[in-house]
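Letter by letter, the chains look like this.
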Amino acid sequence: MGPARRVAAPLAGVLLSLALLLSTRGLNQVVHGPQLGPGFWPRLVLIGLAAACLAKLVSVLRHDRGGRSREAPSGEARDGVAGISRAKLAAAIALIFLYVLVSESAGFALTTAGFIAAFMWLCGARSPLVIAANTLVGTVGLLYLFVKAVYLPLPKGDGPFEAVTLALYRLLHIF
Amino acid sequence: MSEILANLGAGFVHALQLMNFLMIVLGLAIGIVAGALPGITMLNAIVLVLPFTYLMGIVPALLLMIGVYCGGVFGGSITGILFNIPGDPMNVPTTWEGYRLNRKGQGRYALGLAIMSSAFGGLVSALFLAFFAPPFAKFALTFSTVEFFSVVVFGLASVSVLGHASLTGALISLFAGLFLGTIGTEAQYGVERFAFNVPFLKTGIDFVTVLIGLFAIGEVLDQIVAAGPAPAAEAAKTTAVPRLPLLDLWPLRWSLVRGTAVGIVVGGLAGAGATVSSFVSYGLEKQVSSQPELFGTGHAGGLVASESSVNGSTGGAMIHLLTLGIPGSAATAVMMGAFLIHGIQPGPLLFTKQAEEVYTIIAGMILANVIMIALGFLAALSFAMLMKVPAAILNTFIVVFCFVGAYALRNDMADVWLTMLFGVLGFVMRRYDLPIPPLIMGVILGPMAEQFFLTSMVANANDLSVFITRPISAVILMMSALMVLWPAFRAWRARRAPG
């Protein structure tokens with residue numbers, strides 16, 4: 001990691017803490033008399049956060065100048081995302097967020113089935129039989145456990161997806 | 001003493017009747033499984049079981065709930081050790097050491113230690129409850145919010161032992177966690193803080209979303225992109241059947257005793273409970289250890305101390321509930337409700353007026369902790385089999401379970417989004433060696449610290465000296481200061497040493 005990027009993270013931490021600290025100005029308007037108020041604790045925490053980020057910044061700068069600091073800056077002990085498949089990482093994160101995004105409108109049952117198949121393939125499973133079996137058994141098992149046994153109202157989806165989910169629940173005798 | 005023994009004997013006779021015994025076993029099984037599933041906590045399990053007890057008699061109903069309670073506080077350790085997913089916040093310190101041991105191929109050892117330590121802690125605390133409940137309750141009453149604040153500070157001070165590579169990194173992580181704990185509507189004044197008109201932020205960030213995201217999703221992402229075989233697959237070669245390390249516990253006996261003692265004392269303080277006791281016990285253990293540098297890398301002493309304190313806290317919490325009629329946590333509050341429904345009025349007169357029921361409950365707790373060795377073993381065996389499942393399947397279902405666990409918190413997709421976002425943050429923190437445990441501690445203990453601090457200030461006219469003029473608080477704060485300063489002193493002395 002380059003020096004600029006090493007400095008950027010703690011610097012951003014300091015600036016963010018200070019910005020949040022400014023936003024606490026109005027918090028104590030409800031306080032009457034000698035009370036610490038709801039703004040006291042967050043201010044204390046944000047000052048601590050800013051100070052810790054500042055200490056890290058100083059440590060990084062000192063290390064870059066002459067290596068006199070005994071504490072290695074973060075990111076050096078493990079070289080961040082170097083040596084990993086960034087495409088795979090991006091695909092995994094995208095798939096997880098897509099799962100959450102779609103499940104509200106398409107329902108938990110259908111989305112989970114799709115997610116299990118896609119994520120297993122991404123993780124290296126290639127046998128269609130294994131993927132299909134896990135998708136089917138996994139989805140049905142989860143529905144029985146959480147909807148039938150624990151009464152968890154998992155998202156059913158909107159419009160036609162809701163109809164499909166409800167039909168599936170009836171087929172499985174969950175409803 | 002002879003009266004207590006006679007009452008306890010009668011309690012065992014009741015608890016060992018077939019129906020009652022089966023209720024303990026059933027409760028333990030429900031508690032262990034619920035505790036092990038992220039998102040379904042021990043509290044959820046107690047609440048779910050409560051309606052089923054309405055149709056039962058007093059004794060089986062209470063024993064069922066006792067079983068769920070004792071099993072629930074242990075269950076989360078299994079998934080913590082095997083998959084780095086603590087079922088409950090109280091199982092977090094166990095996860096730090098247990099999962100590392102598992103990664104080293106010592107999963108069987110870690111599971112065995114967790115089972116035995118839990119059973120020991122729970123058993124001793126139940127015996128403590130039987131013999132010392134009234135005097136201990138008197139001691140617990142001397143604690144005010146001032147002392148509670150000091151206890152929480154002691155837990156937070158253990159952050160100095162959690163930053164393995166960098167103290168500043170640990171502090172950044174801790175303060176970030178403390179900040180997350182301030183988001184939402186403040187309890188005393190009803191003021192919104194850092195919600196920025198985002199509806200779901202107004203109710204605050206549930207620490208379970210942070211916990212599941214940072215640990216489980218972060219771990220899954222880390223495993224997916226890591227070169228070579230996934231750690232879970234590696235561990236599967238050595239992790240199959242948990243073993244019960246009876247002899248291995250002997251060298252760890254003092255960790256066990258310290259953890260149990262901390263569990264009983266901290267668990268007996270209303271408002272503190274198992275989570276605080278596990279953090280305090282872990283921090284204390286590192287301070288007294290001769291190998292503090294090994295904590296966080298798979299240290300058996302750390303695991304034993306935290307695990308015994310978690311179950312040790314059950315007896316302490318019951319002391320408070322039974323002798324004073326004051327529930328110290330949400331779980332004991334639900335149990336108090338069950339007691340009242342079944343005609344048991346917790347309070348100072350309970351041990352004399354309803355001795356039969358009370359000592360049956362205590363006998364049930366003792367039995368539950370003994371049976372837990374067998375049931376914990378079976379549960380660990382079942383979960384350990386999952387380690388043989390290919391990483392592709394395991395990682396996929398971990399994500400799905402995290403989704404459900406997060407959604408189950410408030411039936412709100414916002415919690416699922418937060419969990420996944422914290423998952424990405426967890427991955428980044430792992431990759432850049434920012435310690436995750438301090439952030440978790442900040443989120444969990446921060447709101448408690450704020451509440452105790454502000455209440456203490458209101459009660460003492462903003463006089464900060466109250467924290468050092470009250471002797472118990474002063475001693476705890478002094479120990480916290482020592483905890484922070486001692487590693488720095490040791491490092492300074494090492495630097496000055498010749499050669």
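Nothing here was measured: the structure is a model prediction, and the numbers come from that model.

Turning our eyes to something else, we now look at the overall build of chain B. Across its full length, chain B carries 22 helices and two strands. Computed over C-alpha atoms, the radius of gyration of chain B comes to 22 Å, within 12% of the 23 Å expected from 2.2 N^0.38 for 499 residues, which places it in the range of a compact globule. Split into buried and exposed, the 499 residues of chain B put 63% on the buried side. Put simply, 79% of the contacts in chain B that link residues at least 6 apart link residues at least 24 apart. Summed over all atoms, the accessible surface of chain B reaches about 17,500 Å², with 71% contributed by carbon and sulfur. Averaging the coordinates of the 22 positive side-chain charges in chain B and doing the same for the 21 negative ones gives two points 10 Å apart.

This paragraph deals with the pattern of salt bridges. Residues and elements named next belong to chain B. Applying the stated criterion to the full structure yields eight salt bridges over all chains. With its nearest N and O atoms 3.2 Å apart, the salt bridge here joins glutamate 219 to arginine 103. Here glutamate 219, found in helix 10 (residues 207–225), pairs with arginine 103, found in helix 5 (residues 92–103); they are 116 residues apart in sequence, far enough to count as distant. Where salt bridges share partners, they join Arg103, Glu219 and Arg430 into one cluster.

So, about the packing of helix 12 (residues 253–267) of chain B against helix 13 (residues 273–288) of chain B. In a packed pair of helices, the relevant descriptors are the angle between the two axes and the axis-to-axis distance. All names here are of chain B. For the pair helix 12 and helix 13, the least separation of the axes is 9 Å and the interaxial angle reads 145°. Crossing geometry of helix 12 relative to helix 13 is assigned as right-handed. For the pair helix 12 and helix 13, contact is made by Ser255, Arg258, Gly259, Val262, Gly263, Val266 and Gly267 and by Gly273, Val276, Ser277, Val280, Ser281, Leu284, Glu285 and Val288, respectively. In terms of residue class, the contact of helix 12 with helix 13 is made up of six nonpolar, seven polar and two charged.

Another point: the interface of chain A and chain B. Chain A puts 64 residues into the contact, and the matching count from chain B is 60 residues. Where chain A packs against chain B, one counts zero salt bridges. Taken together, the links from chain A to chain B amount to two residue pairs in polar contact (both at pLDDT 80 or more). Taken together, the elements giving at least two residues each to the side of chain A that touches chain B come down to helix 1 (3–22), helix 2 (40–66), helix 3 (86–106), helix 4 (108–122) and helix 5 (128–149) of chain A. In terms of residue class, the side of chain A that touches chain B is built from 44 nonpolar, 13 polar and seven charged.

Each α-helix winds once per 3.6 residues, and so residues spaced three or four apart point in a common direction. With 26 residues, helix 4 (residues 58–83) of chain B ought to run about 38 Å at 1.5 Å a step, and its terminal C-alpha atoms sit 38 Å apart, in line with that. Taken as a whole, helix 4 of chain B carries its principal kink of about 30° at glycine 72 of chain B.

Next up on the list: the domain arrangement of chain A. Taken domain by domain, chain A comprises domain 1 (1–70) and domain 2 (84–175). Here the C-alpha centre of domain 2 of chain A lies 41 Å away from the C-alpha centre of domain 1 of chain A.

In this section: a nonpolar patch on the surface. All names here are of chain A. Together, Leu11, Leu15 and Leu18 give the surface a local cluster of nonpolar side chains, amounting to about 260 Å² of exposed area. Positionally, leucine 11 belongs in helix 1. Leucine 11 gets classed as partly exposed once you look at its relative accessible area, which sits at 36%.

The rules behind these values
Residues numbered from 1 in each chain as written. Chains lettered and ligands numbered in written order. Predicted model: local features only at pLDDT ≥ 70, side-chain atom pairs only at ≥ 80, totals over all residues. Heavy atoms only, no water. Helix = DSSP H or I, 4+ residues; strand = E, 2+ residues; numbered from the N terminus. Rg over C-alpha atoms; globule rule 2.2 N^0.38 Å. Buried < 20%, exposed > 50% of the residue type's maximum accessible area, 1.4 Å probe, protein only. Contact = heavy atoms within 4.5 Å. Areas by Shrake-Rupley, 256 points an atom, 1.4 Å probe, with all protein chains shown as cover. Lys, Arg positive; Asp, Glu negative; His and termini not counted. Charge placed at Lys NZ, Arg CZ, Asp CG, Glu CD. Salt bridge = Lys/Arg side-chain N within 4 Å of Asp/Glu carboxyl O. Axes fitted to C-alpha atoms, helices over the stretch in contact; angles between N-to-C directions. Left-handed = near helix turned anticlockwise from the far one by under 90°. Nonpolar A, V, L, I, M, F, W, Y, C, P; charged D, E, K, R; others polar. Polar contact = N/O pair within 3.5 Å; in protein donor to acceptor, adjacent residues only side chain to side chain. Expected span 1.5 Å × (residues − 1). Bend = angle between axes of the 7 residues up to and from the residue. Domains from an automatic or database assignment. Patch = residues over 30% accessible without salt bridge, like charges linked within 9 Å, V, L, I, M, F, W, Y side chains within 5 Å.

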